[in-house]
Amino acid sequence: MWYAIIGLDHPGSLARRIEARPAHVARLEHLRDAGRLLLAGPFPALDAEDPGAAGFDGSLIVAEFGDLAAARAWADADPYIAAGVYRDVSVRPFRKVLP
């Protein structure tokens, strides 16, 4: 089943986000390579493709896991949590309808 993982950043965490990004992206690439990643990306803090120094204030990942517990365990191990980027993470079942 698909699960939506929504991480919300601590204010002022852009430097930590940049530092932890390679490890964060490597985990996403592993899901992608396994055919289990529907989409992933950050929420710009401004209404702009490149928010510059304003950075990002969270992320959305939609990926396939065996169950909610597995999705939560994967989310809990995210490098952004260990680096203090995310202040809150929610994991919810997601049903893709379109396209």
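That block above? That's the structure.
Residues numbered from 1 in each chain as written. Predicted model: local features only at pLDDT ≥ 70, side-chain atom pairs only at ≥ 80, totals over all residues. Heavy atoms only, no water.

I keep staring at the overall build of the protein and nothing clicks. Help me out?
Scanning the protein for helices and strands turns up three helices and four strands. The order of α-helices and β-strands along the protein, N terminus first, is β-α-β-β-α-α-β. Relative to the globule expectation of 13 Å for 99 residues, the C-alpha radius of gyration of the protein, 13 Å, shows essentially globular dimensions. For the protein, the spread of C-alpha atoms along the three principal axes comes to 35 × 30 × 25 Å. Across the 99 residues in the protein, those meeting the buried criterion constitute 30%. Considering only contacts within the protein whose residues lie at least 6 apart along the sequence, 73% involve residues at least 24 apart. (Helix = DSSP H or I, 4+ residues; strand = E, 2+ residues; numbered from the N terminus. Rg over C-alpha atoms; globule rule 2.2 N^0.38 Å. Buried < 20%, exposed > 50% of the residue type's maximum accessible area, 1.4 Å probe, protein only. Contact = heavy atoms within 4.5 Å.)

I keep staring at the nonpolar core and nothing clicks. Help me out?
Across soluble globular proteins, you tend to see nonpolar side chains buried next to one another. Membership of the largest hydrophobic core is limited to 11 residues, which are Tyr3, Ile5, Leu28, Leu31, Ile61, Ala63, Phe65, Ala71, Trp74, Ala75 and Val91. Within the residue set of this core, elements represented by two or more residues are strand 1 (2–9), helix 1 (14–33), strand 3 (56–64) and helix 2 (68–76). It is helix 2 that contributes the most residues to this core, three residues altogether. When neighbours within four sequence positions are excluded, Ala75 is seen to be in contact with Ile5, Ile81, Val89 and Val91. (Core = buried A, V, L, I, M, F, W, Y, C linked by side-chain atoms within 4.5 Å.)

Would you mind going over helix 2 with me for this structure?
One turn of the α-helix equals 3.6 residues, which is why residues spaced by three or four share an orientation. Buried within helix 2 are the following residues: Ala71, Trp74 and Ala75. For helix 2, the angular spread of the buried residues around the axis is 100°, confining them to a single face. Set apart from the buried face of helix 2 by more than 90 degrees, the exposed residues are Ala69 and Asp76. On the buried face of helix 2, the contacting elements are strand 1, helix 1, strand 3, helix 3 (79–82) and strand 4 (86–94). Measuring from the side-chain oxygen of the N-cap residue of helix 2 to the backbone nitrogen of Ala69 gives 3.2 Å; that N-cap residue is Asp67. (Arc of directions from axis to C-beta. Polar contact = N/O pair within 3.5 Å; in protein donor to acceptor, adjacent residues only side chain to side chain.)

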